Amino acid sequence: MKKIIHITLVSFGLLLITGTTVTAKEDIASLRGTADLSGASLKPVKQKVISQEGGFERSYKLQPPMVPHKVDKYKITLKNNGCMKCHSKKNHKKEKSPMVGESHFLSRDGKKLQKVSARRYFCNQCHTVQIDATPLVKNEFDGLK
């Protein structure tokens with residue numbers, strides 16, 4: 001009986017100690033600065049998209065290429081993909097743009113397809129435009145040379 005009471009008291013003490021540290025108010029540093037984390041964030045400032053002839057160098061092997069032009073007017077739906085106007089097998093030479101990678105024509109089973117795989121159809125999930133913005137955090141990453 002004494003053991004049960006002792007274990008109960010120790011458990012209750014631990015619960016009190018951990019409970020107060022979890023609920024204690026601390027100043028938390030975040031990318032939002034000292035703004036209240038439970039409050040609404042500020043609307044981001046619209047940044048200028050960088051257009052770069054010839055594209056951007058990749059930072060690491062197998063990195064999806066970054067988009068070197070504006071795409072805000074492109075529509076990507078199940079029936080239409082604005083990127084394919086320039087980057088399809090049919091149009092890329094005429095448009096002088098890189099063709100969609102061969103990996104985009106493979107099914108999840110590795111079968112070669114005639115059209116871009118549905119898994120790769122929504123380009124802006126991996127390929128993004130670049131903006132001229134100050135980095136939020138210091139970054140010393142040194143990519144491929």
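Our subject is the structure that appears above.
Residues numbered from 1 in each chain as written. Predicted model: local features only at pLDDT ≥ 70, side-chain atom pairs only at ≥ 80, totals over all residues. Heavy atoms only, no water.

What follows concerns the nonpolar core. Within the largest apolar cluster, 6 residues are counted, these being Cys-83, Met-84, Val-100, Phe-105, Val-116 and Cys-123. Beyond its immediate sequence surroundings of up to four residues, Phe-105 is in contact with Lys-89, Val-100, Lys-111, Lys-112, Leu-113, Gln-114, Lys-115, Val-116 and Ser-117. (Core = buried A, V, L, I, M, F, W, Y, C linked by side-chain atoms within 4.5 Å. Buried < 20%, exposed > 50% of the residue type's maximum accessible area, 1.4 Å probe, protein only. Contact = heavy atoms within 4.5 Å.)

If you trace the backbone, Ser-107 turns up in the segment after α3 (92-95). If sequence neighbours within four positions are ignored, Ser-107 has contacts with Leu-113 and Arg-119. (Helix = DSSP H or I, 4+ residues; strand = E, 2+ residues; numbered from the N terminus.)

On to the packing of aromatic side chains, then. Counted according to the given criterion, the structure contains 1 aromatic pair. Above the ring of Phe-105, the side-chain terminus of Lys-89 is found at 4.5 Å from the ring centroid. (Phe/Tyr/Trp six-rings, centres within 6.5 Å; stacked < 30°, edge-to-face > 60°. Lys NZ or Arg CZ within 6 Å of the ring centre and 35° of its normal.)

With that settled, the discussion passes to a nonpolar patch on the surface. On the surface, Met-1, Ile-5 and Leu-9 cluster together to form a nonpolar patch covering roughly 380 Å² of accessible area. Tracing the chain through its elements places Leu-9 in helix α1 (residues 2-23). We classify Leu-9 as exposed; its relative accessible area is 57%. (Patch = residues over 30% accessible without salt bridge, like charges linked within 9 Å, V, L, I, M, F, W, Y side chains within 5 Å. Areas by Shrake-Rupley, 256 points an atom, 1.4 Å probe, with all protein chains shown as cover. Salt bridge = Lys/Arg side-chain N within 4 Å of Asp/Glu carboxyl O.)

On to a positive patch on the surface, then. A cluster of basic residues, Lys-46, Lys-48, Lys-70 and Lys-73, forms a positive patch at the surface. Tracing the backbone through its elements, the reader meets Lys-73 in the loop between α1 and α2 (84-87). (Lys, Arg positive; Asp, Glu negative; His and termini not counted. Charge placed at Lys NZ, Arg CZ, Asp CG, Glu CD.)

Moving on to the pattern of salt bridges. Taken as a whole and judged by the stated rule, the model has 2 salt bridges. Ionic pairing is found between Glu-102 and Lys-112, a salt bridge with its closest N-O pair at 2.6 Å. Of this pair, Glu-102 sits in the segment after α3 while Lys-112 sits in the segment after α3, and the two are 10 residues apart along the sequence. Judged by its relative accessible area of 55%, Lys-112 falls in the exposed class.

By volume, the largest pocket amounts to about 1,200 Å³. Along the walls of the largest pocket sit 41 residues, with Pro-65, Met-66, Val-67, His-87 and His-127 positioned nearest its centre. Looking at the lining of the largest pocket, the element that brings in the most residues is α2, giving 4 residues. Its residues assigned to classes, the lining of the largest pocket shows 20 nonpolar, 14 polar and 7 charged. The space that makes up the second largest pocket amounts to roughly 290 Å³. Contributing to the lining of the second largest pocket are Asn-81, Met-84, Lys-85, Ser-88, Lys-89, Lys-90, Asn-91, Phe-105, Gln-114, Lys-115, Val-116 and Tyr-121. Broken down by class, the residue content of the lining of the second largest pocket amounts to 4 nonpolar, 4 polar and 4 charged. (1 Å grid on protein atoms, 1.4 Å probe; cavity = no way out; pocket = protein on both sides within 12 Å on 5 of 7 lines; lining within 4 Å. Points joined across faces, edges and corners; volume = space filled by probe spheres on them. Nonpolar A, V, L, I, M, F, W, Y, C, P; charged D, E, K, R; others polar.)

Positive phi outside glycine occurs at Leu-62, with the angle close to 70°. Within the secondary structure, Leu-62 sits in the loop between α1 and α2. One non-glycine residue, Lys-96, lies in the positive phi region at around 55°. Tracing the backbone through its elements, the reader meets Lys-96 in the segment after α3.

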